[in-house]
Amino acid sequence: MTQNNKYSIEVHHLTKHYKGLSAVDNISFTVEKGEVFALLGPNGAGKTTTVEILNTIRTPTSGKVMLLGMDVTEKKYDIIPRIGVLPQGFSSFDRITVKETLQYYSRLFCCRKPDIDGLMALVNLKDKAAVQYKNLSGGLKQRLGIAVALVNDPEIVFLDEPTTGLDPLARRAMWEVLLDLKKKGKTLFLTTHYMEEAELLADTVAIVKKGKITAMDSPGELIENNAHHLVVMLKSVDETVFDIVEKMGFAPDYDSHGHITVRLTHTDDVRRLLNAVRDGGASFTGLDVRKPNLEEVFLKLTDDTFLKSVAGIEEAP
Amino acid sequence: MNLRIIHANIIRANIIVSIKSFYREKTVVFFRIAFPVILILVFGTIFMERDNEIFELSIQDLDRSMSSEQLVAALDQSERFNITPVSPDADAKQYARDNHLNLIVIIPENFEMSLMKKMAADPFETPVTLTKVYDPGAFGVTTKIGVLDMALAKINQEMSGKPPLIVSEPVSILKKKYRFIEFFVPGIIAMAVMTASLFGSVNVNAELLQKGVIRKLSTTPITRIDWILSNVLYQFILAVVSTAVMLLVSYAVFKVSLEINAWLVVFVALDVFAFVGLGMILTRVAREAESASAAADALMFPMMFLSGTFFPVEMMPEFLQTFARILPLYYVNEGLRAAMIAVDHTAALKSALIIGAFAAVVFVLGIMTTRIGGETP
């Protein structure tokens, strides 16, 4: 066990088949203690299957999964007290209050002196202590779910799509809670299909597609390594701009707000493009030049058709 | 393999949550506790009347003599009739139709004279005839006519001045006479416990499974056995409370004479085990909450009506009686009645063994099919 001290989670060649279909296809990764690891992928990519195998709910078809140095298929009842789980679509007993729900789950873990008040404070639910679960809003239910996942003071916290279905405000409130957990040094394992969530919270992001990991790195490195282009956005009402850009051999996107987006490989191209527009006598009202964000990297790595819209650039190595 | 499969603290926590959820859901409390009591009160009142029923009887006296008045008075004294006179001018048949009467007795003209002649003279002369105008389609009219004929027979015999030649004395096979309500209460106990256990188990499990609560629970130290034992114990606690309330009301309102003994606890417990187990199987087989409920309905209704809850199985045709004997609730009914009315330990034991075997099989199957985790148990 000592040799594994560095890692909270070790996954080696994990594969899971359902009736001939492979939901998870030979994936491997490690998560260090205190690290925030995000599994990012579209629906049906195998994120939940992976996290449920890590949670000991499902058994792998092949491969090896070690949690805190223990094999998940052999040490289920030793692992469970040391992990906390927010399952996808968390739900609890309708008629039981916030405080009673936390008491209930802490009793399941035999916590001698659970810090129920501290947990409610952490997820900002102290003033809702006496409110029954069914009367909580979606965001508050999810926050209760996080508190429930923490009743046993776990070493690793698994969060399966913690903000899916929440409005932007509730999502931000949830991120605050998760950033707090990160500050406390908990190992967090997160699945999400929101890029900004992964970009904001994760130290490491693994992008999964059809059960395979297609890229894995820190969000900054992923962008750096997978996006060798610049995004230029021209805010314009002049239709000639579109024709000028197209004639130069680029593939511009035109949206309903009258914005034209062009992806360019070199900074020189930016100058060339702006000169051409000026020479053509066309006008634009605004200009934005930036590096692509994780969303574009994600689309590139998960959607084959994305590449077709990026003209003049080679596929990333 | 994990040996720590039963955790007392987890079972306690589950029961606390279940009981809180129960009393905070008022409709569930109503159906669980109040509804069986209302059934007992309603049916008890209806059939209490039947045990000492007083019949409405309309009499048209065409003779209006002293003898005819004496006859009416004698019928009145039998205390089985509430007598209403019908005007001699009315057409009896039409009057019965117009006033929704199912029986009018007509005392003919010359009743007194014919009666005198009959008594004084020839005993072989034709007897005096009263006419009974009745509605053959009316419910209970046969019983009413039977009671009337019995009353008339008694009056005849008294008027003849001779003691009866033959009398009969009823000897019950039971230690004491029992009324319908005493038959009814054990049936309602058996049915109420069955319904609550079956639906409690189906609803709770299917709903929690569908909502994903079970998925969350599978990431805690709770085991399948913890979960099942929690369900059974909770249902048993509620069944005991509900049974106690039913019995208290029955004693207070109807002064039932039912024996309370250990058999009562045994049958309530077996009732719970059998039907919680059946509920667990249905939840697993049906998967969706709605179809599990529908399946539970399909099993429950035949049992409610055919296993002798509301009326004795012996009232049904032979083939339905045979069918009743394969219904598990039949044995709970039989067992409870053997224990509470007849106090027949042999019969109670026989029923307990049959329902016990059924409960064991169903419960083991229930344990085998229930899952707590996402995959095979």
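Every value quoted in this text rests on a predicted model; they were computed, and no experiment measured them. Along each chain, numbering runs from 1 in the same order as the chain's sequence is written. The order in which chains are written sets their letters, starting at A; the order in which ligands are written sets their numbers, starting at 1. For this predicted model, a pLDDT threshold of at least 70 governs which residues receive local features, and a threshold of 80 or more governs which side-chain atom pairs are given and counted, while totals over whole chains, interfaces and linings are taken from all residues. No hydrogens and no water enter the side-chain calculation; it runs on all heavy atoms of the structure.

1. Focus on the nonpolar core
Take the buried Ala, Val, Leu, Ile, Met, Phe, Trp, Tyr and Cys residues and link them wherever side-chain atoms come within 4.5 Å; each set so joined is a nonpolar core. The cut-offs for exposure are 20% and 50% of the maximum accessible area for each residue type, with area from a 1.4 Å probe on protein chains only; residues under the lower value are buried, those over the upper are exposed, and the others partly exposed. Within the largest apolar cluster, 67 residues are counted, with the highest numbers of intra-cluster contacts made by I188, I189 and L336 of chain B. Elements that contribute at least two residues to this core include exactly α2 (26-51), α7 (180-211), α9 (224-254), α10 (262-286), α11 (289-306), α13 (328-342) and α14 (345-369) of chain B. Counting from the N terminus, the helices are DSSP H or I runs at least four residues long and the strands are E runs at least two residues long. Sorting elements by how many residues they give to this core places α7 of chain B first, with 15 residues. Excluding residues within four positions of it along the chain, I188 of chain B makes contact with P36, L39, I40, M246, T309 and F310 of chain B. By size, the runner-up hydrophobic cluster in this structure holds 65 residues, among which are L108, A147 and I207 of chain A together with V17 of chain B. Two residues form a contact once any of their heavy atoms are found within 4.5 Å.

2. Remarks on the side chain of S197 of chain B
All names here are of chain B. Of note, S197 is situated in helix α7. At 2.7 Å, the side chain of S197 and the backbone oxygen of V193 are in polar contact. Filtering out sequence-adjacent residues up to four positions away, S197 remains in contact with Q235, D271, V272, F275 and V276. Here a polar contact means two N or O atoms within 3.5 Å. Within protein one must be a hydrogen donor candidate and the other an acceptor candidate, and residues neighboring in sequence count only if both atoms are side-chain atoms.

3. Overview of the pairing of strand β9 (residues 204-209) of chain A
Residue and element names in this part refer to chain A. Among the six residues in β9, six count as buried, and that is most of the element. Side chains T204, A206 and V208 of β9 all project onto a buried face; the interleaved residues V205, I207 and K209 project onto the opposite face, where all are buried too. A strand pair is defined by DSSP finding two or more bridges across the two strands. Here strand β3 (residues 36-40) pairs with β9 via four bridges, running parallel. From the neighbouring strand, L40 faces β9, where its bridge partner is I207. Remark: two residues form the turn of the hairpin made by β9 and strand β10 (residues 212-217), two consecutive strands paired antiparallel; K210 in that turn has positive phi of roughly 50°.

4. Notes on the domain arrangement of chain A
By a frequent convention, interface size equals the accessible area lost on bringing the separate parts together. Residues and elements named next belong to chain A. Considered domain by domain, chain A is made up of domain 1 (2-217) and domain 2 (225-309). Where each domain starts and ends comes from a domain assignment, either automatic or drawn from a database. Computed from C-alpha atoms alone, the centre-to-centre distance between domain 1 and domain 2 is 38 Å. We define buried area as the total accessible area lost by two parts upon association, computed with a 1.4 Å probe and summed across both. Of the roughly 860 Å² buried at the junction of domain 1 and domain 2 (both faces included), carbon and sulfur atoms supply 74%. When the buried area of domain 1 at its contact with domain 2 is split by residue, M195, I207 and K209 rank highest and sum to 54% of it. Salt bridge, as applied in this entry: a Lys or Arg side-chain nitrogen positioned within 4 Å of an Asp or Glu carboxyl oxygen. At the boundary of domain 1 with domain 2, the tally comes to zero salt bridges. Across the domain 1-domain 2 interface, the total number found is zero residue pairs in polar contact (both at pLDDT 80 or more). When contributions to the side of domain 1 that touches domain 2 are tallied by element, the ones reaching two or more residues are α7 (195-201), β9 and β10. In this count, Pro and Cys sit with the nonpolar residues alongside Ala, Val, Leu, Ile, Met, Phe, Trp and Tyr, while Asp, Glu, Lys and Arg are called charged and the others, Gly among them, polar. Within the side of domain 1 that touches domain 2, the residues separate by chemical class into seven nonpolar, two polar and three charged.

5. Quick look at the interface of chain A and chain B
Taken together, the 33 residues of chain A in the interface contact 30 residues of chain B. Of the roughly 2900 Å² buried between chain A and chain B, counting both surfaces, carbon and sulfur atoms make up 56%. If you look at where chain A meets chain B, you find five salt bridges. The partner of E100 of chain A in a salt bridge is K20 of chain B, and the shortest N-O contact between them spans 3.4 Å. Here chain A is connected to chain B by 10 residue pairs in polar contact (both at pLDDT 80 or more). Among the secondary structure elements, those contributing two or more residues to the side of chain A that touches chain B are α1 (47-54), α2 (76-79), α3 (98-108) and α5 (138-149) of chain A. Among the elements that make up the side of chain A that touches chain B, the one with the highest residue count is α3 of chain A (five residues).

6. Concerning α7 of chain B
For α7 of chain B, built from 32 residues, the straight-helix expectation of 46 Å at 1.5 Å per residue is met to within 8% by its first-to-last C-alpha distance of 45 Å. With respect to burial, α7 of chain B is a largely interior element, 25 of its 32 residues being buried. Here, expected helix span is obtained from the residue count minus one, scaled by 1.5 Å.

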